[in-house]
Amino acid sequence: MKFLLSFVLLGALGLVHGQLDRSIMPQPAPAPQIQIKPTETWTTANGITVILSENHKLPKVSFDLTLGSGATMEGEKAGLSELAGSLVMSGTSNRSKDQLDKEIDFLGASLSASASNVYLSVLTKHLDQGLSLMADVTKNASFPEDEFKRIADQLRSGMVSLKSEASGMAGNATVKVNFPKHPYGEVMTFTTLDAITLSDVKEFYRSHYTPQGAYLVIVGDINRAQAEKMINTYFGTWQGPKPIITEYKDPVKSNGNQVYFVNKPGAVQSVIQVSFPIPMRMGNQDQLAMSVLNDVFGGSGFGTRLMQNLREDKAFTYGCYSGLNNQDLGGWISISGNFRNAVTDSAIQEIISELNRLLNETITTPELELTKAVKNGSFARSLERPQTIARFAYNISKYKFPEDYYRNYLQRLESIDAAELSRVAKTYIKPNNYNIVVVGNESVLEKIKAFDSDGKVTKLDEFGDVKLDRTPADMGVNDVLEKYVLAMTQSTTLAQAQKKIGKVKNVLQKASLSSDKIPFPLKSFDLYTSTGVRAERIEFNGTVAQNKYYDGMTGFEKNMQTGKTPFDDNKMKAAKLEKALIPEMDWMKTENATVVSMMGIEQENKKEYYVIRVSTDPQNESLHYYEKGTFLKWKTVKTVVNKEESFNAITEYSDYRAVKGLMFPYQSVLNAGSMTFTQKIDEILVNGKVNVAEFQ
Amino acid sequence: MKYWLAGFSALVGFFPVYAQNKINYIEYDLPNGIHVILHEEHATPIVAVSVLYHVGSKNENPTRTGFAHFFEHLLFEGSQNIERGEYSKLVEKNGGTLNANTSQDRTYYYEILPSNQLELGLWLESERMLHAKVENVGIETQRSVVKEEKRQRVDNQPYASFISEMFQRAFPKHPYRWVPIGSMEHLDAAQEKDYVQFYQDFYVPANATLSIAGDIPLEQTKKWIELYFGSIPSGQAINLYRNQLALSDDAFKTKYGVAKTEVNTKNPKLGTNKAGNELYAKLSATPTVIPRTTKDNDPLKQTIEDTIYDNIQLPAVFMGYKIPDQKHPDAYALEFMNEILSGGNSSRINKNLVEKQQIATYASSFNYGLEDGGMNIFLALAKDQASMGSLKSAFDAQIEAIKNELITEEEYQSVLNKFEKQVIEANSSVAGIAESLADNHVYFGSAARVNQMLDLYRKVTRADIQRVAKTYLNNNARVILYYLPKEK
């Protein structure tokens, strides 16, 4: 009978061709057993906790050394750990950087290091050579002076471009406002970088690169006996101080919604980050439930509440996500996205109401089921990588997760229900107690005030430091302008200054212009004549690329592409105010009292500047910064508004030198949007022979 | 779902290097032409199910560019038996993940599933191959999604246009002159019938490779493949079947001369009408001829220099030389050469441009080999005030050096060691193995190449490296692009 039955079934199979009912989705086979391969953990005599995850599928091994010290505040040397970490691979007492790079590459290995970590990945057959290199950088890094300079320089370049990176600025602001007086809230600035010395770096290495409290995670084609032997050979004699563990309190936020604004002139989108600290460090028992909640809310993918609302429903953005961060010394949640200017306030409103919804409504069954299925699947797939299994062992040991945490992960996940999610939501999310960071155009500033609990927006700079508002000036406009004129003419009275200027019939400034953006060298010529001509010419390879001419009666711009464009009324007005050899002389006149005004004193780079505004029409405004004390001009910020976009050109002056008793800045750096020009004076001719026609 | 963009992040691990630890697999053809490759390993209870269609942007009509990539999106929209929007959800709900990518040469779809869901994966991919929904509602949705994707991944991605800018100059006559993302105007102009035609031309069994790797029961898997894929009509019969679903009675009759009711495409053996049966038999035996392109290994005739203004902070120089297609024997020596020049911190370009002269924040070279031809590209992002001229001369000096002198024994061994490690690491995931097997079968005519990579590299000599440098790095026949920041 049984035989017959299977015969019939076989017959049916033969016929099945074309008879498959494709409308029925196949049912799964019985679920496979998920097995997490065992790992081994032991401690060495000099204090390293070793975790070994054997896997002989491929003939390679990785060694991941995590040092035992925790993050500590760096204060006025913020950035020390980053700089020191970047320098660990810059050579050792046995090998120059070039030798080190060569030897690593010769093995086909990867070796990298940071402030708290050294990582090696190498083929089994090169194990000895690989470990000897790893041990060398771990124990004998030499920190050569020239590499210190080079890497510091690289970090400086990075900070220069920070102003154009909205998300970088938003990130700085977010950590600063959530973690005051905490290592996570520290951001490197030019000042802190300049304060770091090579001996600070060496001391950091000495105190942090120590075996005590370190973890060495080994994954791959090696067994316990071999691993012990290798560790003994390469790290057995390694000694060092106790790790530095400083305890920091979890930040407590109770000041209601706070709005922080970072100005990015000309931005067409706002980067919004809504964040708040949570007392949930790595290893917290609510971590899994919180991560389920965060996944439903805005973890990743298109199906989350944030994406459904802000992208699919309202089309405010291409993406809006919520990130849950659980680290050694603190936790936080940060929701972020890019939103066009016009919907900046509506987007903040929606994010806040979605957060409040987590507190007021329970998570629906379909949302919960889908999120669990996705997490379940990604857990199972992650087990393909032996690194995952090693990380589990590391977490259990370092963060005191329960011993069976990962073995029972799927059961734990399954047992999380909507009530549990409501509980964690209520425990960790406090309604209307969020830090709202907006990086964008000043035009959105008014609209976001309403979200702040006390109606005041705090302005931050690119590093997340509070930007001080200007303080009232202790001098009048004309007093400052007069001091400037005296400084520029090296005179003691205005009459003396005027007399000196009166003797000047013309000035021709010849300069070299260079730009990172332009592959060719440029020459610039700037002309002043006492007959009222002010003109400029830019040449490349001997041909005129563009020029600008003004003589009081006519004014125009000419360039190779667009030809000649006469000045309109506004430009004529602006040019008139710039025509003098020292334009400030004219600005002091009563006829200009309405266009020239004192804005106050501003602090930047620890210096104080008088800020004077010149605006001939609403579309054009320039701010001039005169340093308190010397009264020399430090910079000019010119803002031009075109329809919706505003555009800034910043010129910084330096290297003032005297020519025939008059001061000239021999270097000026112009920064306009993403363009930077450096102008260096080659020659200044006073009362020489000039040909005005060359400028027309 | 994602356009396969060779942007900066992708450049880092650019080399398509495959395994040396022997990968065991079996392969066979189904009668309808589907090539099947199966790799069985039980280390982790997961399985990767993939289908490679040998169609990429180079197969597109020049006035309908972007179609291959657009199809990749469209084929997630649903099928005869899968509701719109359900395709991805079915995978995720069952603990899996899925994605797809499109290059100039092929379109690749895959699911990674818990191994007990293998049959689900086969069903999903067979639905996609047999009767995906190619209709206006999905086309409209995906049009806007693809536009967003272009904005995010190309327009807003610094330097991302360089592939397009390079190839349009180096391949003025070959379809490589456009990139997979294609033209949004073309996609807007296309009608539903254009899309249906593309599906019928290229999404046919004989143009597909089904590659499966992971924790699979081998015999049962073969049976399921027979069930889900063996039953897909062969030759032109698949389009007869699709048209029976899509066309009106009249249109069908006009096209085929028989009425819809007279053909049983679902179960041709049970067809009762003679004319219908004959038509089915005839079309089954009529292969779908895939229009193929021809190779373009012609050298450039002169140097082309241009400036591109882009939304970037740092100016950059890109230099491109034409090299032969990826199957050409010189391809291995070219890979070798690029490793010497820019693989790792100790490489010549990194040492010179980035560390010693400090004129670049990032500099590298790589070969971009495709089925019909390729390019060897050098690129550098300028540091501080470094001029574009200085970057170009620094590259030229390195190129001259590798042309004029043999690389050292030490450099040679160093690169070989690196290849060995890459070859070993390439097969650490079942998804990677499924893809390597399919690629090697389609591009090189042999899945077995996955197990031969290291030997292929070992055959390259130091003299070969010098020879390919001399042959292909001709400074009078290259494309030089200066990337400069756009004025606000």
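Residues numbered from 1 in each chain as written. Chains lettered and ligands numbered in written order. Predicted model: local features only at pLDDT ≥ 70, side-chain atom pairs only at ≥ 80, totals over all residues.

> How should the overall build of chain A be read in this particular structure?
The helix and strand inventory of chain A stands at 21 helices and 25 strands. Its C-alpha atoms give chain A a radius of gyration of 33 Å, more than 25% over the compact-globule value 26 Å for 696 residues. Counting contacts in chain A only where the partners sit at least 6 residues apart, residues at least 24 apart contribute 68% of the total. (Helix = DSSP H or I, 4+ residues; strand = E, 2+ residues; numbered from the N terminus. Rg over C-alpha atoms; globule rule 2.2 N^0.38 Å. Contact = placed C-beta atoms within 7 Å.)

> Whenever I open this one, the overall build of chain B confuses me. Can you help?
Within chain B one finds 19 helices and 11 strands. Here the C-alpha atoms of chain B give a radius of gyration of 24 Å, agreeing with the 23 Å that 2.2 N^0.38 yields for 488 residues. Its C-alpha atoms give chain B principal-axis dimensions of roughly 80 × 50 × 40 Å. For chain B, the proportion of its 488 residues judged to be buried stands at 53%. Within chain B, residue pairs in contact and separated by at least 24 positions form 77% of the contacts whose partners lie at least 6 positions apart. (Buried ≥ 20, exposed ≤ 12 C-beta atoms within 10 Å, placed from the backbone.)

> What is the right way to look at the domain arrangement of chain B in this model?
Interface extent is often summarised as the accessible area lost during association of the parts. Residues and elements named next belong to chain B. Each domain of chain B was delimited in the assignment, giving domain 1 (8-284) and domain 2 (304-485). Computed over C-alpha atoms, the centres of domain 1 and domain 2 are 32 Å apart. Contacts between domain 1 and domain 2 engage 45 residues on the former and 44 residues on the latter. At the level of elements, strand E2 (35-40), strand E3 (46-53), strand E5 (107-114), helix H6 (162-170) and strand E6 (208-214) are the ones that each hand at least two residues to the side of domain 1 that touches domain 2. Residues of the side of domain 1 that touches domain 2, tallied by class, amount to 25 nonpolar, 12 polar and eight charged. (Domains from an automatic or database assignment. Nonpolar A, V, L, I, M, F, W, Y, C, P; charged D, E, K, R; others polar.)

> I'm lost on the sheet that holds strand E2 (residues 49-54) of chain A in this one. Help?
Strand pairing in a sheet relies on backbone hydrogen bonds, with the paired strands running either antiparallel or parallel. Residues and elements named next belong to chain A. Taken in spatial order, the six strands of this open sheet run E1-E2-E6-E3-E5-E4, and their pairing is mixed. The open sheet has two edge strands with one neighbour each: strand E1 (40-43) and strand E4 (110-113). Averaged over all pairs of adjacent strands, the angle between strand axes in this sheet comes to 10 degrees, irrespective of strand direction. Looking at chain direction, E4 and strand E5 (residues 117-123) are connected through four bridges and run antiparallel. Counted as the bridge partner of Ala-113 is Val-118 from E5. (Pairing = 2+ DSSP bridges. Axes fitted to C-alpha atoms, helices over the stretch in contact; angles between N-to-C directions.)

> For this particular structure, what's the right way to read the packing of helix H13 (residues 330-342) of chain B against helix H19 (residues 462-472) of chain B?
Describing two packed helices takes the angle between their axes plus the distance from one axis to the other. Residues and elements named next belong to chain B. The interhelical angle for the contact between H13 and H19, taken along N-to-C directions, is 95 degrees, at an axis separation of 9 Å. It follows that H13 is roughly perpendicular to H19 by the angle criterion. Taking contact as the criterion, the partners of Asp-330, Ala-333, Leu-334, Phe-336, Met-337 and Ile-340 in H13 are, on H19, Asp-464, Ile-465, Val-468, Ala-469 and Tyr-472. When its residues are assigned to classes, the contact of H13 with H19 shows nine nonpolar, no polar and two charged. (Parallel < 35°, antiparallel > 145°, perpendicular 65-115°, else oblique.)

> Quick question: what am I supposed to make of the sheet that holds strand E11 (residues 435-440) of chain A here?
All names here are of chain A. Taken in spatial order, the six strands line up as E9-E10-E8-E11-E7-E12 in an open sheet, and their pairing is mixed. The outermost strands of the open sheet, each flanked by one partner alone, are strand E9 (320-327) and strand E12 (457-460). In this sheet, adjacent strand axes meet at a mean angle of 20 degrees when their direction is disregarded. Here strand E7 (residues 258-263) runs beside E11; their pairing, made up of six bridges, is parallel. In the strand pairing of E11, Val-259 is matched with Ile-436. Along the sheet, helix H11 (residues 305-313) contacts E9 and strand E10 (330-340); its crossing angle with E9, the most-contacted strand, is approximately 150 degrees.

> What's the story with the domain arrangement of chain A in this structure? I'm lost.
With domains assigned, chain A is organised as domain 1 (40-161 + 184-235), domain 2 (258-460) and domain 3 (477-695). A C-alpha centroid distance of 51 Å is found between domain 1 of chain A and domain 3 of chain A.

> Looking at this structure, I do not really get the pairing of strand E1 (residues 26-29) of chain B. What am I missing?
All names here are of chain B. As paired elements, E1 and E2 share four bridges and run antiparallel to each other. Bridging across to E2, Glu-27 finds its partner in Ile-37. Turn length for the E1-E2 hairpin, with the two strands adjacent in sequence and antiparallel, is five residues, and the turn residue Gly-33 shows positive phi of about 105 degrees.

> Sorry if this is basic, but what is going on with unusual backbone geometry here?
Residue and element names in this part refer to chain A. Despite not being glycine, Lys-400 has its phi angle at roughly 60 degrees, a positive value. Position of Lys-400 among the secondary structure elements: in the loop between helix H14 (386-398) and helix H15 (409-415). Even without a glycine there, the phi angle at Asn-432 is positive, about 50 degrees. By the element assignment, Asn-432 lies in the loop between helix H16 (418-428) and E11.

> What am I meant to see in the environment of A:Ser254 here?
Secondary-structure assignment places A:Ser254 in the loop between helix H9 (224-235) and E7. Sequence-wise, A:Ser254 and A:Lys689 are 435 residues apart; in three dimensions their C-alpha atoms are separated by 71 Å.

> Just to check I follow, could you spell out H16(A) for this structure?
Spacing of three or four residues puts side chains on the same side of an α-helix, whose turn is 3.6 residues. All names here are of chain A. Every buried residue of H16 is listed here: Leu-421, Val-424, Ala-425 and Tyr-428. Along the long axis of H16, the arc covered by the buried residues comes to 105 degrees, so they all point the same way. Where the residues of H16 are buried, they touch strand E8 (269-278), helix H10 (287-298) and helix H12 (344-360). (Arc of directions from axis to C-beta.)

> In this structure, what is going on with the environment of A:Gly85? I would like to understand it.
Residue and element names in this part refer to chain A. Following the sequence through the fold, Gly-85 ends up in helix H2 (residues 80-87). By C-beta crowding, Gly-85 is classed as buried, having 21 other C-beta atoms within 10 Å. Discounting chain neighbours no more than four positions away, the residues touching Gly-85 are Ala-113, Ser-114 and Ala-115.

> Any chance you could explain the interface of chain B and chain A here in plain terms?
Taken together, the contact between chain B and chain A spans 61 residues of the former and 50 residues of the latter. Considering each element in turn, the side of chain B that touches chain A owes the most residues, eight residues, to helix H16 (residues 409-425) of chain B. Here the side of chain B that touches chain A is built from residues that sort into 19 nonpolar, 26 polar and 16 charged.

> Help me out: how do you make sense of the confidence of the model for chain A in this one?
Caution is warranted with low-pLDDT regions, since their predicted coordinates should not be read in detail. Chain-level statistics for chain A give a pLDDT mean of 89 and a share of 94% at 70 or above. Segment residues 1-18 of chain A is flagged for pLDDT under 50; beyond a separation of four residues in sequence, or across chains, it makes seven contacts in the model. (pLDDT = per-residue confidence, 0-100.)

> I keep staring at the confidence of the model for chain B and nothing clicks. Help me out?
Residue and element names in this part refer to chain B. The share of residues in chain B with pLDDT of 70 or more is 94%, and the mean pLDDT across the chain is 90. Throughout residues 1-20 the model reports pLDDT below 50, and contacts reaching past four residues in sequence, or to other chains, amount to 53 contacts. Scoring of the predicted complex yields 0.77 for pTM and 0.82 for ipTM.

> Hey, could you run me through the environment of B:Tyr443 in this one?
Residue and element names in this part refer to chain B. For Tyr-443, the location among the structural elements is in helix H17 (residues 430-444). Residue Tyr-443 is classed as buried on the basis of its 20 C-beta neighbours within 10 Å. In the structure, Tyr-443 is positioned 337 residues away from Arg-106 in sequence and 9.6 Å away in space, judged by C-alpha atoms. Discounting residues that sit within four places of it in the chain, Tyr-443 has contacts with Gln-326, Lys-327 and Glu-371.

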